[in-house]
Amino acid sequence: MNTVMQHFGRSVSTLIAGMLFGFGLSYATMVRPEVVLSFLRFQDWGLMLVMGGAVVVVMLSYQLLPRLMRTPVLDDHFHTHPSVWNRDTAVGAALFGIGWGLCGVCPGPAIAGLGTGNVDLLWALGGIAAGALAQGLRAKA
């Protein structure tokens, strides 16, 4: 029973975090490709404040919460995510940046943008899915 409640608690907290993330992206207009493209052209600095604020909150959370809490609320220990930098990471980052720069769409904001009724984002999400599938097939080979 305890594991069922833990799973339910994690699922609900994930849903709430996703809703908050989507609302924040929409509120900050990151769901509009033209706004993102103007940011990438250094014409609009508003998104820099949004992303910078998010980075500060995450950095503080990752540094302070393990010091302030013995265990996380919905787990038995804090996890670390080791980053592995290699050629595939660099190439993937470059391809992601090129795609982002061409269409102004990032996966998270694209999904959130569907909630605003922008169905044109389905084309970008289709391309994102096709690229992920191609990479998955390449990795298996």
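Here, the structure is the one placed above.
Counting starts from 1 at the beginning of each chain's written sequence and moves along it residue by residue. Side-chain atom pairs in this predicted model are given and counted only at pLDDT of 80 or more, local residue features only at pLDDT of at least 70, and totals for whole chains, interfaces and linings cover all residues. Water and hydrogen atoms were dropped before computing side-chain values, which therefore reflect all heavy atoms in the structure.

### Quick look at the nonpolar core
Heads up, the condition is: Here, nonpolar core refers to any group of buried Ala, Val, Leu, Ile, Met, Phe, Trp, Tyr and Cys residues whose side-chain atoms link them within 4.5 Å. Think of it in three bands: residues with accessible area under 20% of the maximum for their type are buried, residues over 50% are exposed, and the middle band is partly exposed, with areas taken using a 1.4 Å probe on protein chains only. Helix and strand assignments come from DSSP, with helices taken as H or I runs of at least 4 residues and strands as E runs of at least 2, each series counted from the N terminus. By definition in these notes, contact holds between two residues if any of their heavy atoms fall within 4.5 Å.
Counting 9 residues, the largest nonpolar core is built from Leu25, Met30, Val31, Val35, Val36, Phe39, Leu47, Trp100 and Ala112. Sort the elements by how many residues they give to this core and helix 2 (residues 33–40) lands first, with 3 residues. Among all residues touching leucine 25, those that are not within four sequence positions of it are Met30, Val31, Gly108, Pro109 and Ala112. Membership of the second largest hydrophobic core comes to 5 residues, among which are Val105, Ala110, Ala124 and Leu125.

### As for the pattern of salt bridges
Defined as follows: In the sections that follow, a salt bridge refers to a side-chain nitrogen of Lys or Arg positioned within 4 Å of a carboxyl oxygen of Asp or Glu.
In this structure the tally under the stated criterion is 3 salt bridges. The residue glutamate 34 makes a salt bridge to arginine 32 at a minimum N-O spacing of 2.9 Å. We classify glutamate 34 as partly exposed; its relative accessible area is 44%. Arginine 32 gets classed as partly exposed once you look at its relative accessible area, which sits at 40%. Ionic pairing is found between aspartate 88 and arginine 138, a salt bridge with its closest N-O pair at 3.5 Å. Linking aspartate 88 in helix 4 (residues 87–103) with arginine 138 in helix 6 (residues 121–140), this pair joins segments that are 50 residues apart in sequence. Look at aspartate 88 and you get partly exposed, because its relative accessible area is 40%. We classify arginine 138 as partly exposed; its relative accessible area is 44%.

### Thoughts on the packing of helix 1 (residues 2–27) against helix 5 (residues 107–114)
In plain terms, the rule: The axes are straight lines fitted to the C-alpha atoms, using for helices just the contacting stretch, and the angles between their N-to-C directions are given from 0 to 180°. Any angle from 65 to 115 degrees is called roughly perpendicular, while one under 35 is roughly parallel, one over 145 is roughly antiparallel, and all others are oblique.
With their axes 9 Å apart at the nearest point, helix 1 and helix 5 run at an angle of 85° to one another. Viewed along their axes, helix 1 and helix 5 adopt a mutual orientation that is roughly perpendicular. Seen from helix 1, the contacting residues are Phe21, Gly22 and Leu25; seen from helix 5, they are Gly108, Pro109 and Ala112.

### Focus on unusual backbone geometry
Phi angles above zero are rare outside glycine, and threonine 29 is one such case at about 65°. Here threonine 29 is to be found in the loop between helix 1 and helix 2. Unlike most non-glycine residues, phenylalanine 42 shows phi in positive territory, near 60°.

### Concerning the packing of aromatic side chains
Keep this limit in mind: In this analysis, rings of Phe, Tyr and Trp, with Trp reduced to its six-membered ring, are considered paired at centre separations within 6.5 Å, and the interplanar angle assigns stacked below 30 degrees, edge-to-face beyond 60, and tilted for intermediate values.
Evaluated as defined, the whole model comprises 4 aromatic pairs. The interplanar angle of 50° and the centroid separation of 6.4 Å between the aromatic rings of phenylalanine 39 and tryptophan 100 together place this pair among those described as tilted. Of this pair, phenylalanine 39 sits in helix 2 while tryptophan 100 is found in helix 4, placing the two residues 61 residues apart along the sequence. In this structure, phenylalanine 39 and tryptophan 100 share a single accessibility class: buried. When the centroid spacing of 6.4 Å and the interplanar angle of 35° are considered together, the rings of phenylalanine 96 and tryptophan 100 count as tilted. Of this pair, phenylalanine 96 and tryptophan 100 both sit in helix 4, 4 residues apart, roughly one helical turn. You can call phenylalanine 96 partly exposed: its relative accessible area is 40%. An aromatic cluster of at least three residues, connected via ring pairs, comprises Phe39, Phe96 and Trp100.

Any link to function would need more than the numbers given here.
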